[in-house]
Amino acid sequence: MSANTALMNERPLVDMFHPPERLLMGAGPSRVHEDVLKVMSQTTIGHLDPDMITMMDQLKDMLRYIFQTSNNMTFPVSGPGSLGMEACVNNMIEPGDEVIIAINGVFGTRMAEVARRAGANVIITEDDWGKAVDPNKVEKALKSNPNVKIVGFVHAETSTGALSNASEICRLAKDNNAMTIVDTVTSLGGVPVNVDVWGADSVYSGSQKCLSCPPGLSPVTFSDQAVNFILNRETPVQSWLLDLSLVTGYWQGDEKSGARTYHHTAPVNALMGLHEALRKVVQEGLENVWARHKTVSDIIVSGMEEMGFSMLVEESIRLPELLTIKLPEGIDDGTIRSKLLNKYNIEISAGLGAFAGKLWRIGVMGEGAREENAKKILSAIKECIN
Ligand SMILES: *Cc1c(COP(=O)(O)O)cnc(C)c1O
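Residues numbered from 1 in each chain as written. Predicted model: local features only at pLDDT ≥ 70, side-chain atom pairs only at ≥ 80, totals over all residues. Heavy atoms only, no water.

**Here we look at the nonpolar core**
- Counting 85 residues, the largest nonpolar core has Val89, Ile93, Val151, Ile181 and Phe222 as the members making the most contacts within it.
- By residue number, the principal contributor to this core is helix 3 (residues 50-67), which donates 9 residues.
- Each of domain 1 (23-29 + 286-385) and domain 2 (34-281) gives at least three residues to this core.
- Those residues in contact with isoleucine 181 that sit more than four places away from it in its chain are Cys88, Val89, Met92, Ile93, Met111, Ile150, Val151, Gly152, Phe153, Ser202 and Tyr204. (Core = buried A, V, L, I, M, F, W, Y, C linked by side-chain atoms within 4.5 Å. Buried < 20%, exposed > 50% of the residue type's maximum accessible area, 1.4 Å probe, protein only. Helix = DSSP H or I, 4+ residues; strand = E, 2+ residues; numbered from the N terminus. Domains from an automatic or database assignment. Contact = heavy atoms within 4.5 Å.)

**Notes on the state of the cysteines**
- Counted under the stated rule, the structure contains 0 disulfides.
- For cysteine 210, which is in no disulfide, the shortest distance to another cysteine sulfur is to cysteine 213 and amounts to 13 Å.
- Residue cysteine 210 is classed as buried on the basis of its relative accessible area of 3%. (Disulfide = S-S within 2.5 Å.)

**Some remarks on the domain arrangement of the protein**
- When its domains are assigned, the protein resolves into domain 1 (23-29 + 286-385) and domain 2 (34-281).
- Between the C-alpha centres of domain 1 and domain 2 the distance comes to 27 Å.
- At the junction of the two partners, domain 1 supplies 23 residues and domain 2 supplies 30 residues.
- Taking both sides of the interface into account, the surface hidden between domain 1 and domain 2 amounts to around 2,100 Å²; carbon and sulfur atoms contribute 68%.
- When the buried surface of domain 1 facing domain 2 is broken down by residue, Leu286, Trp290 and Leu319 rank first, second and third, together holding 30% of it.
- If you look at where domain 1 meets domain 2, you find 0 salt bridges.
- Our count for the domain 1 to domain 2 interface comes out at 7 residue pairs in polar contact (both at pLDDT 80 or more).
- Mapped onto the side of domain 1 that touches domain 2, the elements with two or more residues apiece are helix 12 (286-306) and strand 12 (322-326). (Buried area = accessible area lost by both parts, 1.4 Å probe. Salt bridge = Lys/Arg side-chain N within 4 Å of Asp/Glu carboxyl O. Polar contact = N/O pair within 3.5 Å; in protein donor to acceptor, adjacent residues only side chain to side chain.)

**Quick word on the sheet that holds strand 14 (residues 349-350)**
- Pairing in this open sheet of 4 strands is antiparallel, and the strands run 11-12-15-14 from one edge to the other. Two strands close off the open sheet at either side, each with one partner strand: strand 11 (310-311) and strand 14.
- Sheet topology places strand 14 next to strand 15 (residues 359-363); 2 bridges connect them, and they run antiparallel. Bridging from a neighbouring strand, alanine 350 pairs with tryptophan 360 of strand 15. (Pairing = 2+ DSSP bridges.)

**Thoughts on the sheet that holds strand 9 (residues 202-204)**
- The mixed open sheet is built from 7 strands, whose spatial order is 2-10-9-8-5-3-4. Of all strands in the sheet, those bounded by a partner on one side alone are strand 2 (73-77) and strand 4 (121-126). The mean angle between the axes of side-by-side strands here comes to 15 degrees, regardless of whether they run parallel or antiparallel.
- Where strand 2 and strand 10 (residues 218-222) come together, 5 bridges link them in antiparallel fashion. In the sheet register, proline 76 faces strand 10, and the bridge partner there is proline 219. (Axes fitted to C-alpha atoms, helices over the stretch in contact; angles between N-to-C directions.)

**Quick word on the packing of aromatic side chains**
- Here the structure, examined in full by the defined rule, presents 4 aromatic pairs.
- Ring centres 5.9 Å apart and planes at 65 degrees place the aromatic pair tryptophan 129 and phenylalanine 355 in the edge-to-face group. One end of the pair, tryptophan 129, is in the loop between strand 4 and helix 6 (135-144); the other, phenylalanine 355, is in the loop between strand 14 and strand 15, and 226 residues separate them in sequence.
- The class for phenylalanine 355 is buried, based on a relative accessible area of 14%. (Phe/Tyr/Trp six-rings, centres within 6.5 Å; stacked < 30°, edge-to-face > 60°.)

**Some points on the site of the ligand**
- In the vicinity of the ligand lie 13 residues, with Ser82, Thr158, Asp183, Gln208 and Lys209 positioned nearest.
- Measuring from an oxygen atom of the ligand, one finds a side-chain N or O atom of threonine 158 at 2.3 Å.
- In the environment of the ligand, an oxygen atom lies 3.0 Å from a nitrogen or oxygen atom belonging to the side chain of threonine 186.
- In the complex, 88% of the free accessible area of the ligand, which totals 380 Å², lies under the protein chains.
- Taken together, the elements giving at least two residues each to the shell around the ligand come down to helix 4 (81-92) and helix 5 (106-117).
- Counted by class, the shell around the ligand contains 5 nonpolar, 5 polar and 3 charged residues. (Near = heavy atom within 4 Å. Areas by Shrake-Rupley, 256 points an atom, 1.4 Å probe, with all protein chains shown as cover. Nonpolar A, V, L, I, M, F, W, Y, C, P; charged D, E, K, R; others polar.)

So this is what it looks like as structure tokens:
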């Protein structure tokens with residue numbers, strides 16, 4: 001046997017990793033309940049184990065409740081929110097398709113880029129960062145481009161903290177014979193997401209924002225019309241991993257027998273964690289969960305305003321779960337954020353793009369949205385700025 005002696009002599013000896021105890025109050029990941037971690041640390045079972053299949057079916061039922069949909073095709077994609085975005089875009093778009101993507105921040109910009117890479121002819125509408133997507137611009141774009149097949153937009157823009165009117169944009173798309181791709185990564189479990197009432201066709205989210213689960217899974221749901229389109233595409237989905245017509249063999253099973261077949265090895269323990277995180281949301285009830293996000297968020301907003309900070313986004317479209325807070329003169333972004341992290345073990349997020357150094361993003365997501373956390377973060381910021 002030949003060995004690479006130079007590398008053999010460079011054996012890295014490292015200690016077991018122990019993460020610090022942080023209070024996560026940034027743009028995600030959010031705080032994870034210890035029960036979720038407990039469930040994830042149980043033994044790994046096979047991805048086709050009958051108990052695994054039962055757990056997966058419950059997971060789908062809980063996702064349908066949280067998405068407020070009866071869509072059959074509802075499951076978590078094995079990957080982060082961006083992979084859910086890739087799954088929706090790559091299944092819904094064929095090369096050469098005309099699509100409208102509404103941009104009002106980082107994630108709309110990302111969706112437009114993913115759509116271009118999927119071969120779409122992308123028409124964009126733009127709104128200022130911190131504002132909602134303007135439905136009038138979407139309507140105008142639809143009227144002047146009658147062949148548009150898809151409208152894509154972000155419900156809750158995590159880069160700015162603005163909420164857009166999903167119901168109105170989906171209705172406009174329908175009225176103009178277009179289907180929709182809706183990003184609900186930061187909205188699901190934080191503010192009402194009503195997939196069936198909106199008539200949304202393909203919707204993706206993420207595990208690590210208001211669902212309070214570790215990152216790495218992306219719940220998605222597709223309307224029957226979307227599924228019908230996907231199963232009858234002229235070209236195969238470019239991505240084998242994300243092709244819904246294949247992955248359905250694992251998540252739905254055979255049409256008659258329901259028997260599941262291997263597609264990819266699903267992240268078993270991660271799915272067990274999501275099961276527990278969703279169970280907590282379902283137990284508390286969606287309306288209570290939304291109300292808790294709002295109550296705790298309001299406490300942080302008034303506390304920050306008392307200290308002289310002001311909000312970027314106007315109240316009517318302000319996301320309770322993601323506050324963009326303008327920094328007054330004399331407050332140094334980096335210094336205070338690192339003090340919060342190193343001295344108080346609290347993580348908040350910086351502004352993105354043009355907002356870098358100008359604002360903070362405080363996440364009030366999932367388990368983070370508890371009154372005791374609001375008190376902790378307000379008193380820590382108060383001490384840091386004085
Ligand atoms: C976080 C986020 C994403 C991307 O999710 P990842 O898990 O980071 O890939 C997409 N859209 C929005 C609105 C987000 O907040």
